[in-house]
Amino acid sequence: MNSRPAPALGQDVALIQAAQQGDHDAFEELVRIYDQSVLRLALNLLRSEQDARDAYQEAFLKAYRNLAAFRFECSFHTWLYRIVTNICLDHLRRRSVRKEDSAVMETADGPRDLFDVVQDTRTEADPERDLLRRELGRRIEDALARLGPRERVVFELKHFQGLRLRVIGEMLSTSEETAKNCLYRATQKLRAALA
Amino acid sequence: MSCDEIKSNISWYLYNELDEMERRVVEDHVETCQGCAAEMERERAFLARLGKRSEIEPSPGLVAECRHDLMRSIYRADRLRRQSAPTGIGLGDALQRLWLGMGAWRRPAAALCLLAIGFFGGGWVRNGGRNSNPGDATIANISGVNLDPALGQVQISFDEMRNQTLKGRLQDPRIRNMLIYAARSYGNPDVRMDTIEILKQQAEEQEIRDTLLYALENDGNAGVRLKALEGLKQYSKEAAVRRALIQVLTGDNNPGMRVQAVDLLMLAQDQSLVGVLQGVAQKESNNYVRMRCQRALREMNASVESF
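Bear in mind that the values here come from a model prediction, so they are computed numbers and not experimental data.

Peer 1: Honestly, the overall build of chain A in this entry has me stumped. Any pointers?
Peer 2: When its secondary structure is counted, chain A shows 9 helices and 2 strands. Ordering the α and β elements of chain A from the N terminus gives α-α-α-α-β-β-α-α-α-α-α. Evaluated residue by residue, chain A yields a buried proportion of 51% over its 195 residues. At a minimum sequence separation of 6, the contacts of chain A that also span at least 24 residues come to 63%. A total of about 9,500 Å² of accessible surface is found on chain A, and carbon and sulfur atoms cover 49% of it.

As structure tokens, this is what we get:
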């Protein structure tokens, strides 16, 4: 579980206000501050580079178009995460209808399983241990893929992004209690799948 | 607190979702209860195990590419917006320039635009209660069209001296007229796309269907045309829709559009399509569309070639 603190609020406020006045450079600076975490969230939720790219574009374009409506009632980070989370949720819902396995990444050698691509970047001294770790990782991925879209999103935001359930509820326009129930269901399903 | 209550709180303790007092109760209990301490360790191990999923870290190259594409899209959209909407001039001048600058095919749409702005403008002066004079008004830009599914409300943001927001249900005539204006006449394809996305929810109404048909036949942006086509799918057996689909199949320069059109046309085995299908089967460059037409012709016991 890793929580990533948002950048200083004061810096955000000045940039947001400038961007709201039409300052392109200020908006680009906001993109620079947040885009890596937005892309990381989209990649880890969608497990597809192309879908994550699409979600990134859609989220920031939506943020750009609606920036004038941002009233500082929550942090910019929460507002932006709300946008990208809902876009990812839509992707997952569409995917659950299509039942597609999209954990595929385009590489110079052609399409490859995203999990294998990621694993290649790590150095492991013990091949057997590496194999077991891969196997476990794959089982976790399979189990996560079988969660409902909302359970998947809540679990990702809590377990891997370290957000509070209150914030997750806000992002998904639901209550903290509902987010809590969703997380509970997700962990129970994962427990059963990995038993 | 009983062991059962403590156990039900262990996950929330480890997820740091308990308040200070609840945390202390769990910690005090676990210190003296071996069963709950063991449960705590099992749960900790389980959550740690779930963390073994490999997290994907976006490469700097991927981040840079995405950022580059994004900024390019934004600059392109802004340029289009500036080109399509004159700023700093009176409403009358702006509309005159719009009118003179548009092709003949857009003029009926511009008439709608006048109607919409007149309708809306009046409403906004009344509702806003500000000392605005419609004669001094300036229309600069429609910056966003959104639907809040939870509330069933449409929100349109546009610039008039400063950004304004109009909220209301899709059935509200002011909202409807603004949406129809945006779908038919507004320069920014993103706005047209968002607008069509909203309008297609109301496609059972003839006026909205006409707007979707207009976009399908005339919009210069393939994404907007595709959205309009999606909105018309369930009406694909209507004569006007079929005529538009035939026009798409035979004249749209986007193969994706032609694929969608042929699939919809084929839902009804209509003998009057034979000539159209034969023409497309001979000239079509897209394999799927060509093969789909050939198959449909065979299913209708018609020759694949025209004689």
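Structure's up, so let's keep going.
Peer 1: Would you mind showing me how to read the overall build of chain B here?
Peer 2: A tally of helices and strands in chain B yields 14 helices and 3 strands. When each of the 307 residues of chain B is scored for burial, the buried share is 46%. Taking the contacts inside chain B whose residues are at least 6 apart along the sequence as the reference set, 53% of them involve residues at least 24 apart. Surface exposure of chain B reaches about 15,600 Å², of which carbon and sulfur atoms provide 50%.

Peer 1: Hey, could you run me through the side chain of S236 of chain B in this one?
Peer 2: All names here are of chain B. Mapped onto the fold, S236 is located in the loop between α10 (222-232) and α11 (239-251). The buried category is assigned to S236, whose relative accessible area is 4%. Leaving out residues up to four positions away in the same chain, S236 has contacts with V241, R242, L245, L264 and L267.

Peer 1: What should I look at first to understand the interface of chain B and chain A in this one?
Peer 2: Note on interface size: it is often stated as the accessible area lost on association of the parts. On the side of chain A, 57 residues touch chain B, which itself brings 37 residues to the contact. Summed over both partners, the interface of chain B with chain A buries about 4,400 Å², with 57% contributed by carbon and sulfur atoms. The largest per-residue losses of area from chain B upon contact with chain A belong to Y15, R53 and I56 of chain B, which jointly make up 18% of the total buried on that side. Our enumeration of links across chain B and chain A arrives at 8 salt bridges. Taking the shortest distance from any N to any O, the salt bridge between R191 of chain A and E43 of chain B comes out at 2.8 Å. Joining chain B to chain A, the criterion identifies 16 residue pairs in polar contact (both at pLDDT 80 or more). Taken together, the elements giving at least two residues each to the side of chain B that touches chain A come down to α1 (3-14), α3 (34-50), α4 (60-84), β1 (141-148) and α8 (189-199) of chain B. For the side of chain B that touches chain A, the leading source of residues is α4 of chain B, giving 12 residues. For the side of chain B that touches chain A, the residue count by class is 15 nonpolar, 9 polar and 13 charged.

Peer 1: I keep staring at the pattern of salt bridges and nothing clicks. Help me out?
Peer 2: As a working rule, side chains carrying opposite charge can pair if their charged atoms are close by. Across all of its chains, the model carries 32 salt bridges over all chains by this definition. Ionic pairing is found between R47 of chain A and E141 of chain A, a salt bridge with its closest N-O pair at 2.9 Å. Remark: E141 of chain A occurs in helix α6 (residues 127-145) and R47 of chain A occurs in the loop between α2 (24-46) and α3 (49-66); sequence separation between them is 94 residues. An identical accessibility class is assigned to R47 of chain A and E141 of chain A; each is buried. One salt bridge in this structure joins R174 of chain B and D172 of chain B, with 3.3 Å as the shortest N-O distance. Judged by its relative accessible area of 18%, R174 of chain B falls in the buried class. One continuous salt-bridge network, built from bridges that share partners, spans E197, K200, K227 and E230 of chain B.

Peer 1: When you look at the packing of α11 of chain B against helix α12 (residues 255-265) of chain B in this model, what are you seeing that I'm missing?
Peer 2: How two helices pack is summed up by the angle between their axes together with the distance between the axes. All names here are of chain B. Relative orientation of the contacting elements α11 and α12 amounts to 140°, with a least axis distance of 8 Å. With respect to each other, α11 and α12 are oriented oblique. In terms of crossing hand, the pair formed by α11 and α12 is left-handed. Two secondary-structure elements touch here, α11 through R242, L245, I246, V248 and L249 and α12 through M257, R258, A261, V262, L264 and L265. In the contact of α11 with α12, the residues fall into 9 nonpolar, no polar and 2 charged.

Peer 1: How should the packing of aromatic side chains be read in this particular structure?
Peer 2: Here a ring pair, both rings aromatic, is described through the centre-centre distance and the interplanar angle of the planes. Residues and elements named next belong to chain A. Enumeration according to the criterion identifies 8 aromatic pairs over all chains in this entry. Measuring from ring centre to ring centre gives 4.9 Å for F27 and Y64, while their planes differ by 65°; the resulting arrangement is edge-to-face. Linking F27 in helix α2 with Y64 in helix α3, this pair joins segments that are 37 residues apart in sequence. With relative accessibility at 2%, the residue F27 sits in the buried group. You can call Y64 partly exposed: its relative accessible area is 22%.

Peer 1: Help me understand the confidence of the model for chain B in this model?
Peer 2: Low pLDDT marks regions whose predicted coordinates should not be analysed in detail. Residue and element names in this part refer to chain B. When pLDDT is averaged along chain B, the result is 77, and 76% of the positions lie at 70 or above. Considering each helix and strand of chain B separately, the mean pLDDT is smallest for helix α5 (residues 91-101), with a value of 38, and largest for helix α2 (residues 20-32), with 93. Segment residues 86-137 is flagged for pLDDT under 50; beyond a separation of four residues in sequence, or across chains, it makes 64 contacts in the model. Our summary of model confidence lists the complex with pTM equal to 0.50 and ipTM equal to 0.78.

Peer 1: Help me out: how do you make sense of α1 of chain B in this one?
Peer 2: Within an α-helix, residues lying three or four positions from one another point in the same direction, as the helix has 3.6 residues per turn. Taking 1.5 Å per residue, 12 residues should reach 16 Å; α1 of chain B reaches 16 Å between its end C-alpha atoms and fits that length. Where α1 of chain B is concerned, the buried positions are I6, N9, I10, S11, W12, Y13 and L14 of chain B. If you follow the buried residues of α1 of chain B, they end up packed against α8 (165-171) and α9 (176-194) of chain A together with α2 and α3 of chain B. Positive phi shows up at N16 of chain B, right after α1 of chain B, with a value of about 60°.

Peer 1: I tried to follow the packing of α12 of chain B against helix α14 (residues 287-299) of chain B on my own but got confused; where do I start?
Peer 2: Residue and element names in this part refer to chain B. Running from N to C, α12 and α14 point in directions that differ by 20°, and their axes come no closer than 9 Å. Comparing the axis directions of α12 and α14 gives the class roughly parallel. In the crossing of α12 with α14, the sense of the turn from one axis to the other is left-handed. From α12, P255, R258, V259, V262 and D263 reach across to α14, where they touch Y288, V289, R292 and C293. For the contact of α12 with α14, the residue count by class is 6 nonpolar, no polar and 3 charged.

Definitions and cut-offs
- Residues numbered from 1 in each chain as written.
- Chains lettered and ligands numbered in written order.
- Predicted model: local features only at pLDDT ≥ 70, side-chain atom pairs only at ≥ 80, totals over all residues.
- Heavy atoms only, no water.
- Helix = DSSP H or I, 4+ residues; strand = E, 2+ residues; numbered from the N terminus.
- Buried < 20%, exposed > 50% of the residue type's maximum accessible area, 1.4 Å probe, protein only.
- Contact = heavy atoms within 4.5 Å.
- Areas by Shrake-Rupley, 256 points an atom, 1.4 Å probe, with all protein chains shown as cover.
- Buried area = accessible area lost by both parts, 1.4 Å probe.
- Salt bridge = Lys/Arg side-chain N within 4 Å of Asp/Glu carboxyl O.
- Polar contact = N/O pair within 3.5 Å; in protein donor to acceptor, adjacent residues only side chain to side chain.
- Nonpolar A, V, L, I, M, F, W, Y, C, P; charged D, E, K, R; others polar.
- Axes fitted to C-alpha atoms, helices over the stretch in contact; angles between N-to-C directions.
- Parallel < 35°, antiparallel > 145°, perpendicular 65-115°, else oblique.
- Left-handed = near helix turned anticlockwise from the far one by under 90°.
- Phe/Tyr/Trp six-rings, centres within 6.5 Å; stacked < 30°, edge-to-face > 60°.
- pLDDT = per-residue confidence, 0-100.
- Expected span 1.5 Å × (residues − 1).

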